[in-house]
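# A structural walkthrough
Residues per chain, in single letters:
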Amino acid sequence: MRTLPGPLRTTHRHVRQWADDLRAGALELDRDPDAVHRYLDLPAVRFLAGHLTPPEWDRTGPEAGSGPAHGLATLERVLVSEELARGDAGMMLGSPGASMTGVLLGVLGSQAQKDWVYGRLGERPRWTCFALTEPDRGSAIGEMTTTLTPVGDGSYLLDGEKRYVGNAARADLGAVFARVAGTERLGVLAVLVDTADPGYRAEPLPTLGLRGVQLCRITFDRVHVPAEQVLGAHLPPTRRGMWGIVSVFNRLRPSVAAIALGIARAAHDYIGDNRKELRGAERDLYEELGRRIDGARRLTYRAALAVDDKPSDGYLASAAKARACEVAEEVTLRAPGFFGPGARLDHPLLDKLARDARGVEFMEGTRNIQKLTLFQGLHTGKVGRL
Amino acid sequence: MTVPAEVREHWREARVSARNDGLVPALTLLSRALSPSTPPRGPRGHAVVPRELLVEYREFADRGGYGERTGTSAPAEPDGHRPDSHQPDSHRPGPEAEPADPLPGLAVLGPATTAQPLPGPDPDAWGAGLAWLRLGNSERLREACVAYLATRKVEGTSLLLQQLVKGALADALIEQLEIEGVLDYLTEDAEETGPDGCSPLAPALPLDPPALARLQAQITEVDRALLRLLGAYGFTAEGPGQAAYASELLADVYCGWPGPAQHSENDRNTPEGTV
């Protein structure tokens, strides 16, 4: 596909311009994650919060959470994420808005649930969080121990612990994955949680990069989850279980790849903008890094289109995520070399980008996990076919 | 780069044929399509051609011989100058220097010995077609690896299910998918740009000859990684290593290995740029 729908092209053009503003606050946010409150009026942040839409922001309907009329929701998220992460990945991920919870709602949420979430997000800038990973068990659905215990009226009590959850300490709403007590390995549900409810507690975990997103540890101690906050209950059983969860992650993975690409592009652009002249071997390396980014971008766009075409087709997304994270680390590690010894001290943005690049590796599964998934696709003939 | 639809179709066919039928049938298809009646020659005059096409090349019909690399052609000069047809026989490699065919059915030609060789295919179209062909060949090699490793066992477990092997195959697949994505961009219809003349789908850098040479090198590297999974079997002439070698030879003849970019003398003598 080499021609974008007009509205998507317009969205991309606006987001690209808005992204440049994010850079100004990047280092401040890196030092102080709470600085995000000082940037809530930036167009990019307002856009992510759902309070600003670009011209021709054409949705399928007026209902809350309606997808794009052009039907390429994943590609849209990829293009937006890449540009905003080029501005600053920390600010993008640390912004208020529906974020990953919005993708989850798009697949598993009822209209009433979307109205509830988007209604609250519309009142003022509010954060959401997406709680999947657990201490010592990572993101493997089958290993999950956070528990939903039925209380008899269709509601549940939520107990357990999650870790590495972005924005959890500042979020008003959260999506939480947990196992229904007494069920088998795959008896996992996604529920919406109001973080003001008793028993919810989140505390930030200091990190080496992407500090704007403020990763947190969450504990749930008998948090009450009403029946109407259980996602997917309105769907047929085949659509509410693992199929739904897997298709959510398939939709998210290309966006994580795009964030990695945005970080790589930020470092590459920094070289181009701050070196007066590049010659010889340095120019070759600069161009080679640019081609590496281009190759990973093509793969990421194809992955997004594959998921938009068929949500269960997430193998290209695994390939794109693995490759884009590799490129992000490579470009951000090599960029300081264009400025000589001490560059990571003299050019703090390059140091930040090199640290941030490590952060995307862990989102949506590490490179090794993606490769194992990809091998499975190869072995079963689901990827790499003509 | 605007490419006629029929040329793009030939590229697709070359990839599919290389993957399904093998390198020689694919090269036969591509050569017949893009370089009928004259051997496709690389920048320094060499060619790798299907043996069955030799009889179709006018340049040999006129001279009554094939001019293969073995015995009837002269090596190119270091500066790439094509030797003329009056070079003394003593400059030509003798029969003892005859290389074996890189793959049954393939012939290697030295630089043309006619004063004015017939025009060959468009270098860009040929180069991209070769990249597609070599990608198909690489995918065929990957499939051969999977089939071979599935039959081998270590301590009762299939070699294919060893995690390091899984990872190596996934790495190769990622490379191939990325290469396919870059080549796809060449194969798709021309892009419409927006009013700002910019499209997020366009690569930031052009897919120029250096970019294509890099892509060819990337295919070679994937092949080498896959061959390592085959152990000594990949080193034998009867195994899939032979087609991988022929593929390397194609890349060498038509692209060379991407080396340092060609800079002007002034560039080379100027100190590196400064901050």
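Scroll up a little and you will see the structure.
A short tour of the structure in this document, coming up. (Residues numbered from 1 in each chain as written. Chains lettered and ligands numbered in written order. Predicted model: local features only at pLDDT ≥ 70, side-chain atom pairs only at ≥ 80, totals over all residues. Heavy atoms only, no water.)

## A closer look at the nonpolar core
Our working rule: To define a nonpolar core, start from buried Ala, Val, Leu, Ile, Met, Phe, Trp, Tyr and Cys residues and group those joined through side-chain atoms within 4.5 Å. The classification of residues rests on relative accessible area computed with a 1.4 Å probe and restricted to protein chains. Under 20% of the type maximum is buried, over 50% is exposed, and intermediate values are partly exposed. Only DSSP runs of H or I covering at least 4 residues are called helices, and only runs of E covering at least 2 are called strands; the numbering of each starts at the N terminus.
Core analysis: the biggest nonpolar cluster contains 149 residues, and L84 and L158 of chain A together with W11, L133, L169 and L183 of chain B have the highest contact counts within it. When residues of this core are assigned to their parent elements, the largest contribution, 13 residues, is made by helix α4 (residues 123-151) of chain B. Grouped together as the second largest cluster of nonpolar side chains are 24 residues, L105, L231, L235 and I245 of chain A included.

## Regarding empty space enclosed by the protein
What counts, and what does not: Definitions used for this entry: grid spacing 1 Å over protein atoms alone; cavity, a set of points where a 1.4 Å probe fits but cannot get out; pocket, an open set with protein on both sides within 12 Å along at least 5 of 7 lines; lining residue, one with an atom within 4 Å of a point. Grid points are joined across faces, edges and corners, and a volume is the space filled by probe spheres set on the points.
Per the stated rule, a full pass over the model turns up 4 cavities of 30 Å³ or more. If you add up the space inside the largest cavity, you get close to 130 Å³. If you go around the largest cavity, you meet 13 residues; those closest to its centre are R291, D294 and G295 of chain A together with V182 and L207 of chain B. Elements with a contribution of two residues or more to the lining of the largest cavity: α9 (280-309) of chain A together with α5 (163-187) and α6 (209-229) of chain B. Take the lining of the largest cavity: its biggest share by element is 4 residues, from α9 of chain A. The computed volume of the second largest cavity comes to approximately 40 Å³. Taken together, R23, A26, A85, R86, G87, D88, A89, A266, L349, K352 and L353 of chain A form the lining of the second largest cavity.

## Description of the state of the cysteines
What counts, and what does not: For this text, the term disulfide refers to a pair of cysteine sulfurs within 2.5 Å.
With the rule as written, the count across this model stands at 0 disulfides over all chains. Here C216 of chain A is not disulfide-linked; the sulfur of C129 of chain A is the nearest cysteine sulfur, at 8.0 Å.

## Looking at the pattern of salt bridges
Residues and elements named next belong to chain A. Going by this rule: Put simply, a salt bridge is a Lys or Arg side-chain nitrogen that is within 4 Å of an Asp or Glu carboxyl oxygen.
Under the definition given, this model contains 47 salt bridges over all chains. A salt bridge links R297 to E82; the shortest N-O distance between them is 2.9 Å. Here R297 is found in helix α9, whereas its partner E82 is found in helix α4 (residues 73-93), with 215 residues between them in sequence. Overall, the relative accessible area of 1% leaves E82 in the buried class. Between R126 and D172 there is a salt bridge whose closest N-O contact spans 3.3 Å. With R126 in the loop between α6 (111-123) and β1 (127-131) and D172 in strand β4 (residues 171-180), this pair connects stretches of sequence that are 46 residues apart. Given a relative accessible area of 9%, R126 falls into the buried group. What makes D172 buried here is its relative accessible area of 18%. Salt bridges here are not isolated pairs; linked through shared partners, they connect D20, E82, E83, R86, R265, D294 and R297.

## What about the environment of R201 of chain A?
All names here are of chain A. Short version of the rule: Contact between two residues is taken to exist if any of their heavy atoms lie within 4.5 Å; hydrogens are not considered.
Counting through the fold element by element, R201 comes out in strand β6 (residues 200-204). Separated by 15 residues in sequence, R201 and C216 place their C-alpha atoms 9.8 Å apart. Aside from chain neighbours lying at most four places away, what touches R201 is R217, I218 and T219.

## Brief notes about the packing of α4 of chain A against helix α8 (residues 242-274) of chain A
When two helices pack together, you describe them by how their axes are tilted relative to each other and by the distance separating the axes. Residues and elements named next belong to chain A. The criterion, for reference: The angle between two axes is taken between their N-to-C directions and runs from 0 to 180 degrees, where each axis is a line fitted to C-alpha atoms and a helix contributes only its stretch in contact. We call two directions roughly parallel when the angle between them is under 35 degrees, roughly antiparallel when it is over 145, roughly perpendicular when it lies between 65 and 115, and oblique otherwise. Left-handed describes a crossing whose near helix is turned anticlockwise from the far helix through less than a right angle; right-handed describes the clockwise counterpart. Nonpolar residues are Ala, Val, Leu, Ile, Met, Phe, Trp, Tyr, Cys and Pro. Charged residues are Asp, Glu, Lys and Arg, and all others, Gly as well, are polar.
At a minimum axis separation of 7 Å, α4 and α8 run at an interaxial angle of 50°. When the axis of α4 is compared with that of α8, the two are oblique. Crossing angle aside, the handedness with which α4 passes α8 is right-handed. Residues T74, R77, V78, S81, E82, E83, A85, R86, A89, M92 and L93 of α4 form the contact with α8, whose own contacting residues are R251, P254, S255, A258, I259, L261, G262, I263, R265, A266 and D269. When its residues are assigned to classes, the contact of α4 with α8 shows 11 nonpolar, 4 polar and 7 charged.

## What about unusual backbone geometry?
All names here are of chain A. Not every positive phi belongs to a glycine, and Q214 is a case in point at roughly 45°. Take Q214: it is sitting in the loop between β6 and β7 (215-225). Residue Q214 is classed as buried on the basis of its relative accessible area, which comes to 13%. Positive phi, normally seen in glycine, also occurs at R222, with a value near 55°. Assignment of secondary structure puts R222 in strand β7. Given the relative accessible area of 56%, R222 is considered exposed.

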